[in-house]
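Listed below are the residues making up each chain.
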Amino acid sequence: MGSEFKRIVLLKGFQHISDYQFSMIKCLLAKDLRLTSKMQDEYDRIKIADLMEVKFPGSGCVDRLIDLIKDIEEIKDLAKTLRKEKLKVIRRSKAKEATPVKKSKLNKPSPDQSTSITNKTLGPESIKDTPVKGKKTTKTNESKRMNLKKEQSQLPGLLVTSTQSTESLLQTPQMLPPDPSSSSSTKKPRLKAVPKEASREEGFQRGPKEVMVLKATEPFTYDVRESERKMFHATVATESQFFQVKVYHVDLKEKFIPKKIIAISDYFGRNGFLEVFNASSVSDVNPDRKMEISKSLIQKANATPKISHLYSQALGTFVNGVFLVHKKLVCNECIYYEIQDNTGVMEVLVYGERLTRISCEKGDRLTLICFELALSGDKRQLRSIIHSFIKVTKARKSKEQPFNLESYMET
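Residues numbered from 1 in each chain as written. Predicted model: local features only at pLDDT ≥ 70, side-chain atom pairs only at ≥ 80, totals over all residues. Heavy atoms only, no water.

Peer 1: So what exactly am I meant to see when it comes to the overall build of the protein here?
Peer 2: Within the protein one finds 14 helices and 14 strands. Taken across its 411 residues, the protein has 38% of its residues classed as buried. Counting contacts in the protein only where the partners sit at least 6 residues apart, residues at least 24 apart contribute 62% of the total. For the protein, the exposed surface amounts to about 24800 Å²; the carbon and sulfur share of it is 52%. (Helix = DSSP H or I, 4+ residues; strand = E, 2+ residues; numbered from the N terminus. Buried < 20%, exposed > 50% of the residue type's maximum accessible area, 1.4 Å probe, protein only. Contact = heavy atoms within 4.5 Å. Areas by Shrake-Rupley, 256 points an atom, 1.4 Å probe, with all protein chains shown as cover.)

Peer 1: Help me understand the side chain of Glu85, please; the structure alone is not making it clear to me.
Peer 2: As for its placement among the helices and strands, Glu85 is situated in helix H6 (residues 78–106). When near neighbours in sequence (up to four residues on either side) are disregarded, Glu85 contacts Ile8 and Lys12.

Peer 1: Got a minute to help me understand the pattern of salt bridges in this structure?
Peer 2: Opposite charge on two side chains makes pairing possible when the charged atoms of those side chains draw close. Enumeration over the complete set of coordinates arrives at 21 salt bridges. Of the charged contacts, one joins Asp50 and Lys6 as a salt bridge, the two residues approaching to 2.9 Å between their closest N and O atoms. Of the two residues, Asp50 is situated in helix H4 (residues 45–55) and Lys6 in helix H1 (residues 2–13); the sequence distance between them amounts to 44 residues. Residue Lys6 is classed as partly exposed on the basis of its relative accessible area of 22%. A salt bridge links Asp32 to Arg64; the shortest N-O distance between them is 2.9 Å. In this pair, Asp32 sits in helix H2 (residues 19–33) while Arg64 sits in helix H5 (residues 60–69), placing the two residues 32 residues apart along the sequence. Residue classification places Asp32 among the partly exposed residues on the basis of a relative accessible area of 21%. When salt bridges with common partners are traced through the structure, they connect Asp63, Lys86, Arg270 and Glu275 into a single cluster. (Salt bridge = Lys/Arg side-chain N within 4 Å of Asp/Glu carboxyl O.)

Peer 1: What is the right way to look at the sheet that holds strand E12 (residues 344–351) in this model?
Peer 2: Hydrogen bonds along the backbone pair up the strands of a sheet, which may run parallel or antiparallel. Ordered in space as E10-E11-E12-E14-E13, the 5 strands form a closed barrel in which the pairing is mixed. Along the sheet, successive strands turn relative to each other by an average axial angle of 50°, direction set aside. Bridging between strand E10 (residues 318–331) and strand E13 (residues 365–376) involves 6 bridges; their strand directions are antiparallel. The partner of Val319 across the bridge, within E13, is Phe371. (Pairing = 2+ DSSP bridges. Axes fitted to C-alpha atoms, helices over the stretch in contact; angles between N-to-C directions.)

Peer 1: Quick question: what am I supposed to make of the packing of aromatic side chains here?
Peer 2: The description of two aromatic rings rests on the distance between their centres and on the angle between their planes. All told, the structure shown has 8 aromatic pairs when counted by the stated rule. With a centroid separation of 6.1 Å and an interplanar angle of 80°, the aromatic rings of Phe268 and Phe277 are classed as edge-to-face. On the basis of relative accessibility, which here comes to 22%, the residue Phe268 falls in the partly exposed class. Site record: aromatic cluster; members linked through ring pairs are Phe204, Tyr222, Tyr248, Phe268 and Phe277. Over the ring of Tyr43 we find Lys47, and its NZ or CZ is 5.6 Å from the ring centre. (Phe/Tyr/Trp six-rings, centres within 6.5 Å; stacked < 30°, edge-to-face > 60°. Lys NZ or Arg CZ within 6 Å of the ring centre and 35° of its normal.)

Peer 1: It is not clear to me how the packing of H2 against H5 should be interpreted in this structure. Could you clarify?
Peer 2: If you want to describe how two helices pack, look at the angle between their axes and the distance between the axes. For the pair H2 and H5, interaxial distance at closest approach is 10 Å and the crossing angle is 130°. Classified by the angle their axes make, H2 and H5 are oblique. Crossing hand, H2 versus H5: right-handed. Residue-level inspection shows Ile25, Leu28, Leu29 and Asp32 of H2 in contact with H5, the latter providing Arg64, Leu65, Leu68 and Ile69. When grouped by side-chain class, the residues that make up the contact of H2 with H5 number 6 nonpolar, no polar and 2 charged. (Parallel < 35°, antiparallel > 145°, perpendicular 65-115°, else oblique. Left-handed = near helix turned anticlockwise from the far one by under 90°. Nonpolar A, V, L, I, M, F, W, Y, C, P; charged D, E, K, R; others polar.)

Peer 1: Help me understand the nonpolar core, please; the structure alone is not making it clear to me.
Peer 2: Ranked by size, the top nonpolar core spans 29 residues in total, and within it Phe14, Ile25 and Met52 carry the most contacts. Among the secondary structure elements, those contributing two or more residues to this core are H1, H2, H4, H5 and H6. Per-element tally for this core: the top contributor is H5, with 6 residues. By size, the runner-up hydrophobic cluster in this structure holds 19 residues, among which are Val319, Val325, Ile339 and Ile390. (Core = buried A, V, L, I, M, F, W, Y, C linked by side-chain atoms within 4.5 Å.)

Peer 1: In this structure, what is going on with the pairing of E13? I would like to understand it.
Peer 2: On a regular strand, one side chain projects to one face of the sheet and the next to the other, so that they alternate. Counting buried positions along E13 gives 9 out of 12 residues, so the element sits mostly inside the fold. Bridging between E13 and strand E14 (residues 379–393) involves 11 bridges; their strand directions are antiparallel. Among the inter-strand pairings, Ala374 is bridged to a residue of E14, identified as Gln381. Between E13 and the antiparallel strand that follows it, E14, lie 2 residues; Gly377 among them carries a positive phi value of about 70°.

Peer 1: Quick question: what am I supposed to make of the pairing of strand E4 (residues 229–237) here?
Peer 2: Across the 9 residues of E4, 8 count as buried, placing the element largely inside the fold. Where strand E2 (residues 209–216) lies against E4, 4 bridges are found, and the strand directions are antiparallel. Note on E4: the bridge partner recorded for Lys215 is Thr235. Of the pairings in the sheet, the one linking strand E3 (residues 220–223) to E4 comprises 3 bridges and is antiparallel in character. Across the sheet, residue Asp223 finds its bridge partner in E4, namely Arg229. Here E4 hands over to strand E5 (residues 242–247) after 4 residues, the two strands then running antiparallel side by side.

Right, dumping it as structure tokens:
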């Protein structure tokens, strides 16, 4: 599907802009694509599309082009066309994925075939007691088969055949086989695994998805060039997953109250975030609605990743966390911070007037939200983007206490 997105960039994007506008885009992409002045002069539309496909995989190359052209007055309307074309590709992909499911329903095995499948699962000893398809079932065989079904109902997770009674179906727990070391484990519900990372969704999602709000930043202006566009970040969770959210309608802040349950619909999944654009996409749920979210899941959603872990993450991953500032270097319009924990150090690059004017010094605690894991030469760094958010907690000047990264993030 990646080639489909490159096709959009090339045929629906680059083919409809002038040479001057294309030169402007190359200039804006120079840092991302590591283009020298000579490369900017020589690389044509096809070469730049190839590089964008590698640097911004999947729909990312279309999204990056949209981010660029929406700020160029003469061609900003082209952004709408690109969004529509991207959604077409995503819908076609989902339709293809849904096709095998429909076929599998048409090819659903008959009751006799289902019984045969179950017998294969149980092994050759059970096959002896199973009636052969097409032959009349005797009372003796039927009795044996009913005994077999009774045994199956006591083994969680085995296939349920069409000959099982409704009562047996309701009583059979659908879970993995119990731990042999404890016979009582079958009576206890299995604990849900806590995800280590925020869950991801891609493309347009109709929803609704009911979630509990864990935390949210204050709204901030992320782009002053176009009527001071504002947004805020939030973390939400279901009972088994947690998600990072970008909200581009700041009036919704009143709904993103910690511990409140809301429903999100008509949103987009992109680059590890759920993106909400419209006020109508967030609604209240029944006041009696309860959601049991484990403390371990909340802790994982609020946790700061270890720096050593960031060195094993894929480039392009977006990172949230609270880090201790070890060094600071001001360079032209950028600020370089060195953050440190007990597992290592990493460089943080902050650029843009909005973020560089925030006062932060050595020893302060730096909250980073939506920072991209990138390469600078041969070393990794966390790099700010247009949607990044920073919050600084100043170091205590008297009786410094140990800094607990785990407990700092508010829930």
